[in-house]
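Listed below are the residues making up each chain.
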Amino acid sequence: MEIYQKIYSDFMEKYKKSETAPSEAGETLMRISGIFPNYNSEMIVAEHAFALVHKTIAEGTDEATGKSISSSKAEVVADASPEAFEFKKARGHVVSIEAQIGALKFLQRSLETEYINSNT
């Protein structure tokens with residue numbers, strides 16, 4: 001399990017068991033947001049590695065015909081590469097973190113509203 005998933009999971013377990021202050025959601029939000037740049041950087045590096053593999057394949061020749069490889073075949077071969085997998089996995093982490101950040105922001109606002117309404 002990735003660290004951001006663990007942080008989020010631990011927070012949600014606590015949230016289900018006890019009353020949660022908006023500041024607790026904010027703290028979790030900040031912890032996950034602090035990790036985001038690392039995963040975003042990993043995605044950029046993985047995307048570059050995938051682009052280089054894709055370029056190499058696209059510049060190659062088709063073994064069956066000896067001619068330049070077609071762009072559609074190059075796309076299929078590149079998409080099946082380990083570099084494509086690493087890029088897609090890295091992108092998946094970034095998307096997951098963005099979703100968790102959005103969910104935590106919504107929860108924090110909801111908790112703040114609930115807190116304000118309970119004190120009036």
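Residues numbered from 1 in each chain as written. Predicted model: local features only at pLDDT ≥ 70, side-chain atom pairs only at ≥ 80, totals over all residues. Heavy atoms only, no water.

*Asks:* When you look at the overall build of the protein in this model, what are you seeing that I'm missing?
*Replies:* Along the backbone of the protein there are four helices and zero strands. Along the protein, helices (α) and strands (β) appear in the sequence α-α-α-α when read from the amino end. Overall, the protein is about 75 × 20 × 20 Å in size when its C-alpha atoms are taken along their principal axes. The buried share of the protein, reckoned over its 120 residues, is 31%. (Helix = DSSP H or I, 4+ residues; strand = E, 2+ residues; numbered from the N terminus. Buried < 20%, exposed > 50% of the residue type's maximum accessible area, 1.4 Å probe, protein only.)

*Asks:* Explain the packing of helix α2 (residues 22-58) against helix α4 (residues 82-118) to me, please; I cannot follow it from the model alone.
*Replies:* The interhelical angle for the contact between α2 and α4, taken along N-to-C directions, is 160 degrees, at an axis separation of 8 Å. When the axes of α2 and α4 are compared, the pair comes out roughly antiparallel. Relative to α4, α2 is oriented so that their crossing is left-handed. Here the residues of the contact of α2 with α4 sort into 20 nonpolar, seven polar and eight charged. (Axes fitted to C-alpha atoms, helices over the stretch in contact; angles between N-to-C directions. Parallel < 35°, antiparallel > 145°, perpendicular 65-115°, else oblique. Left-handed = near helix turned anticlockwise from the far one by under 90°. Nonpolar A, V, L, I, M, F, W, Y, C, P; charged D, E, K, R; others polar.)

*Asks:* It is not clear to me how the packing of aromatic side chains should be interpreted in this structure. Could you clarify?
*Replies:* Two aromatic rings are characterised by how far apart their centres lie and by the angle between their planes. For the coordinates displayed, the defined rule picks out three aromatic pairs. Ring centres 6.3 Å apart and planes at 20 degrees place the aromatic pair Phe11 and Tyr15 in the stacked group. Taken together, the residues Phe11 and Tyr15, both in helix α1 (residues 3-17) and four residues apart, mark about one turn of the helix. (Phe/Tyr/Trp six-rings, centres within 6.5 Å; stacked < 30°, edge-to-face > 60°.)

*Asks:* Explain the packing of α1 against α4 here, please?
*Replies:* Packed helix pairs are characterised by how far apart their axes lie and by the angle those axes make with each other. In contact at an axis separation of 11 Å, α1 and α4 are set at 30 degrees when each is read in the N-to-C sense. As summarised for this structure, α1 and α4 are arranged roughly parallel, according to the angle between their axes. The hand of the α1/α4 crossing is left-handed. Contact residues: α1 offers Tyr4, Gln5, Tyr8, Phe11 and Tyr15, while α4 offers His93, Ser96, Ile97, Gln100, Ala103, Leu104, Leu107 and Leu111. When grouped by side-chain class, the residues that make up the contact of α1 with α4 number nine nonpolar, four polar and no charged. (Contact = heavy atoms within 4.5 Å.)

*Asks:* Is there a simple way to think about the pattern of salt bridges in this case?
*Replies:* For side chains bearing opposite charge, pairing can occur when the charged atoms are close. By the definition in use, this model includes six salt bridges. A salt bridge links Lys14 to Glu24; the nearest nitrogen and oxygen atoms lie 2.2 Å apart. Remark: Glu24 occurs in helix α2 and Lys14 occurs in helix α1; sequence separation between them is ten residues. For Glu24, a relative accessible area of 22% translates into the label partly exposed. (Salt bridge = Lys/Arg side-chain N within 4 Å of Asp/Glu carboxyl O.)

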